[in-house]
Amino acid sequence: MPLRRVVVIAALALFAPLAATAAVSAAPSTAPPPPAGQQSNYRVQGLLTALQRSEVAREGVDVLGGGRDYLEVRATAQQADRMRASGLNLMALPAAPGVPATPGLPSLAQAGQFPLGYAGYHTYAELTDELKSVAAAHPGQVALSSYGRSYEGRALPLVKISDNVGVDQNKPEVLFTCGQHAREHLTIEMCLHIVHRLAEGYGSDPGITQLVHSREIWVMPMTNPDGSEFDIAQGSFAYWRKNRQPNPGTADIGTDLNRNWGTQWACCGGSSSNPADETYHGPGPFSAPETAQIRDFVNSRVIGGREQITAHIDFHTFSELVLWPFGFTTNDTAPGLDGAEARTFQALGKAMAATNGYTPEQESDLYITDGAVTDWMWAQHHVWSYTFEMYPTSELQGGFYPPDTEIKSQTERNDKAVDLLLGYADCVPRIISAPCST
Ligand code: 0X9
Ligand code: ZN
């Protein structure tokens with residue numbers, strides 16, 4: 001019990017620093033746009049197996065999204081030529097709106113703001129302001145704090161939602177994380193939508209009231225704020241994915257946060273050791289402050305030897321998928337993930353996908369990843385951890401940059417899936433009538 005108290009007080013104490021740093025952290029990255037210069041988008045068609053898709057992902061090209069028989073990639077002309085020469089079927093795709101075909105083109109948007117047609121998306125400052133308002137409007141249910149600071153010093157926002165939010169109660173805890181990848185702005189809106197919906201539904205919607213009453217819910221709405229801000233720093237989108245941590249000895253910036261986690265880090269060809277690549281895994285596990293501090297927070301929720309967080313969704317875009325561990329192996333089971341656990345992951349994954357129309361599959365069915373968050377959450381803490389790849393399914397529908405008119409429908413689209421995860425959080429194996437385990 002004393003330990004629980006300490007954790008709550010520590011979290012609440014960080015509220016003030018977040019408020020205080022909102023203005024300071026408005027200092028944006030002023031670096032020039034990344035050398036995305038000669039890159040274009042392509043659909044690589046006829047990739048029928050996970051092995052084929054994993055091989056393309058290992059080419060060093062920037063994988064944007066994909067499905068059962070294709071990947072969409074961002075590649076230089078030379079990379080495209082090489083892929084075509086190796087027999088791959090490439091179709092050129094138009095750039096998403098708001099993304100200048102030629103870097104350096106004047107942009108209609110103000111630096112540091114979203115371009116025309118995207119004003120409904122939230123910058124870091126807009127997000128933190130809005131979170132403060134929600135917390136102020138619902139002081140009994142919503143608490144805003146910070147779980148640390150990004151590489152560039154921005155406070156990393158943390159929202160707790162529960163019926164008696166100031167007290168650490170003994171209830172199943174659920175975590176939602178958004179924005180590990182900078183350019184996936186729709187995911188920030190997803191986490192913000194979760195906060196609004198749970199805060200505003202409490203006391204009026206019986207289902208939400210019950211969920212907020214019976215759970216402690218943590219939301220990390222912008223886990224890579226330096227990257228998210230950099231992506232809009234020039235007034236048009238930069239296609240930025242990684243964090244903004246320099247790589248000593250190179251001119252290359254950034255680590256792919258979703259390759260930097262400590263389970264099977266860099267094990268299996270599902271990430272890159274080249275700092276220039278989009279899937280650079282960093283010099284070591286948790287080398288990025290942004291992943292290390294999520295790890296520390298999740299570790300801090302071990303109370304009495306038991307991880308309090310039981311379920312987790314890490315939101316990404318795009319491809320409309322519900323994915324579960326492991327990503328580092330194409331086997332359904334592995335040491336630490338037995339048959340009943342795999343069936344549980346599948347059952348809840350499929351049930352959630354049935355509510356939003358996404359495709360459910362194991363992470364590695366898309367392509368192999370190592371050092372991804374969901375593998376760590378499960379292997380380290382037995383958190384039932386899912387990746388959602390949100391709208392759309394293709395660059396042709398805007399890729400990472402759908403217009404803001406899509407925000408409402410595409411975030412609401414996940415309401416039932418979010419509720420299902422919250423509802424099962426006390427005993428996820430119940431979904432296959434298996435005993436509740438740790
Ligand atoms: O590559 C990723 O980290 C995620 N896709 S994204 O386009 N948003 O970057 C997918 C992670 C899920 N894991 C696997 N597909 N193995
Ligand atoms: Zn992503």
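The model shown is predicted, which means the values in this text are computed figures rather than measured ones. (Residues numbered from 1 in each chain as written. Chains lettered and ligands numbered in written order. Predicted model: local features only at pLDDT ≥ 70, side-chain atom pairs only at ≥ 80, totals over all residues. Heavy atoms only, no water.)

Undergrad: Just to check I follow, could you spell out the sheet that holds strand 3 (residues 70–76) for this structure?
TA: Paired through backbone hydrogen bonds, the strands of a sheet run either parallel or antiparallel to each other. The strand order 2-3-1-4 describes an open sheet built from 4 strands, whose pairing is antiparallel. Single-partner strands in this sheet number two, and they are strand 2 (62–67) and strand 4 (89–93). Sheet twist, expressed as the mean angle between neighbouring strand axes with direction ignored, is 30°. Packing of helix 3 (residues 50–57) onto the sheet brings it into contact with strand 2 and strand 3, and relative to strand 3 it is tilted by some 15°. This element, helix 4 (residues 77–85), spans strand 1 (39–45), strand 3 and strand 4 of the sheet and lies at about 135° to strand 3. (Pairing = 2+ DSSP bridges. Helix = DSSP H or I, 4+ residues; strand = E, 2+ residues; numbered from the N terminus. Axes fitted to C-alpha atoms, helices over the stretch in contact; angles between N-to-C directions. Contact = heavy atoms within 4.5 Å.)

Undergrad: Explain the packing of helix 6 (residues 185–201) against helix 14 (residues 415–424) to me, please; I cannot follow it from the model alone.
TA: Between two packed helices, what matters for the description is the angle formed by their axes and the separation of those axes. One can describe the packing of helix 6 onto helix 14 by two numbers: an axis separation of 11 Å at closest approach and a directional angle of 70°. Of the possible angle classes, the one that applies to helix 6 and helix 14 is roughly perpendicular. As for how helix 6 packs across helix 14, the hand of that crossing is right-handed. Residues Met190, His193, Ile194, Arg197 and Leu198 of helix 6 form the contact with helix 14, whose participating residues are Asp415, Val418, Asp419 and Leu422. (Parallel < 35°, antiparallel > 145°, perpendicular 65-115°, else oblique. Left-handed = near helix turned anticlockwise from the far one by under 90°.)

Undergrad: Would you take a moment to explain the nonpolar core for this structure?
TA: Proteins that are soluble and globular tend to have nonpolar side chains buried together. Among the nonpolar cores identified, the biggest contains 65 residues, and Phe176, Phe315 and Tyr386 are the most heavily contacted of them. Broken down by element, the residue count for this core peaks at 9 residues, all from helix 6. In contact with Phe315, not counting residues within four places along its chain, are Phe176, Thr177, Cys178, Gly179, Thr187, Met190, Ile194, Phe388, Met390, Asn414 and Val418. (Core = buried A, V, L, I, M, F, W, Y, C linked by side-chain atoms within 4.5 Å. Buried < 20%, exposed > 50% of the residue type's maximum accessible area, 1.4 Å probe, protein only.)

Undergrad: I would appreciate a short explanation of the coordination of the zinc ion (ligand 2) in the present structure.
TA: Six octahedrally arranged donors around a metal ideally form angles of 90 or 180 degrees; four tetrahedrally arranged donors ideally form angles of 109.5 degrees. Looking at the zinc ion (ligand 2), one finds its protein donor set to be His181 (ND1), Glu184 (OE), Glu184 (OE) and His316 (ND1), positioned 2.0 to 2.3 Å from the metal centre. Linear spacing of the donor residues for the zinc ion (ligand 2) on their chain is H-x2-E-x131-H. You can see His181 sitting in the loop between strand 7 (173–178) and helix 6 and its partner His316 sitting in strand 11 (residues 309–317), a full 135 residues away along the chain. Residues His181 and His316 agree in their burial class; the two are buried. (Donors = N, O, S within 2.8 Å, 3.2 Å for Na, K, Ca; no water.)

Undergrad: Would you explain empty space enclosed by the protein in this entry?
TA: Over the atoms, a rolled probe matching the size of one water molecule traces out where space is still vacant. Applying the stated criterion across every chain yields a total of 2 cavities of 30 Å³ or more. Taken as a whole, the largest cavity holds about 220 Å³ of empty space. Forming the walls of the largest cavity are 22 residues, and the residues nearest its centre are Arg259, Leu366, Tyr367, Thr369 and Glu389. At the level of elements, strand 2, strand 11, helix 11 (363–366) and strand 14 (384–390) are the ones that each hand at least two residues to the lining of the largest cavity. When residues of the lining of the largest cavity are assigned to their parent elements, the largest contribution, 4 residues, is made by strand 2. For the lining of the largest cavity, a count of residues per class yields 8 nonpolar, 9 polar and 5 charged. (1 Å grid on protein atoms, 1.4 Å probe; cavity = no way out; pocket = protein on both sides within 12 Å on 5 of 7 lines; lining within 4 Å. Points joined across faces, edges and corners; volume = space filled by probe spheres on them. Nonpolar A, V, L, I, M, F, W, Y, C, P; charged D, E, K, R; others polar.)

Undergrad: Help me understand helix 10 (residues 339–356) in this model?
TA: Side chains of residues three or four places apart in an α-helix project in the same direction, reflecting 3.6 residues per turn. If you check helix 10, its first and last C-alpha atoms are 26 Å apart, about what 18 residues at 1.5 Å a residue would give, namely 26 Å. Among all positions in helix 10, only Glu341, Ala342, Thr344, Phe345, Leu348, Gly349, Met352, Ala353 and Asn356 are buried. Taken end-on, helix 10 shows its buried residues confined to a sector of 160°, consistent with a single buried face. On its buried face, helix 10 is in contact with strand 11, strand 12 (321–324), strand 13 (359–362), helix 12 (373–381), strand 14 and helix 14. Backbone geometry just downstream of helix 10 places Gly357 in the positive-phi region, at approximately 80°. (Expected span 1.5 Å × (residues − 1). Arc of directions from axis to C-beta.)

Undergrad: Help me out: how do you make sense of the environment of Leu366 in this one?
TA: Counting through the fold element by element, Leu366 comes out in helix 11. Apart from the residues lying within four places of it in its own chain, the contact partners of Leu366 are Ala50, Arg53, Gly66, Gly67, Leu71, Leu321 and Glu361.

Undergrad: Teacher, can you tell me more about the state of the cysteines here?
TA: Simply put, disulfide is the name for a covalent bond between the sulfur atoms of two cysteines. Under the definition given, this model contains 3 disulfides. Note that Cys267 is cross-linked by a disulfide to Cys268, the S-S spacing being 2.0 Å. Negative torsions about the S-S bond denote left-handed disulfides, and the value of about -105° found for Cys267 with Cys268 makes this one left-handed. Taken in sequence order, the bonded cysteines of the protein chain link in the pattern 1-2, 3-4, 5-6. (Disulfide = S-S within 2.5 Å.)

Undergrad: I keep staring at the site of ligand 1 and nothing clicks. Help me out?
TA: Close contacts around ligand 1 come from 15 residues, with Arg241, Arg259, Glu363, Tyr367 and Glu389 the closest. In this structure, a nitrogen atom belonging to ligand 1 sits 2.7 Å away from a side-chain N or O atom of Glu363. Side-chain polar atom of Tyr367 to an oxygen atom of ligand 1: 2.7 Å apart, as the coordinates give it. A total of 410 Å² of accessible area belongs to ligand 1 in isolation, and the protein chains cover 100% of it. Judged by the fraction of its atoms near the pocket grid, ligand 1 is located in the largest cavity. Where the shell around ligand 1 is concerned, the elements lending two or more residues are strand 11 and helix 11. Among the elements that make up the shell around ligand 1, the one with the highest residue count is helix 11 (3 residues). Its residues placed into classes, the shell around ligand 1 shows 4 nonpolar, 6 polar and 5 charged. (Near = heavy atom within 4 Å. Polar contact = N/O pair within 3.5 Å; in protein donor to acceptor, adjacent residues only side chain to side chain. Areas by Shrake-Rupley, 256 points an atom, 1.4 Å probe, with all protein chains shown as cover. Sits in = over half its atoms within 2 Å of the grid points.)

Undergrad: Can you walk me through unusual backbone geometry in this structure?
TA: If a residue is not glycine, its phi is most likely negative; likewise, a peptide bond is most likely trans. For the bond running from Thr317 to Phe318, omega is -5°, close enough to zero to count as cis. The residue Phe318 is located in the loop between strand 11 and strand 12 in this model. Note the cis peptide between Tyr391 and Pro392, where omega equals -5°. The backbone of Phe286 sits at a positive phi, close to 60°, despite the residue not being glycine. One non-glycine residue, Glu320, lies in positive phi territory at about 60°.

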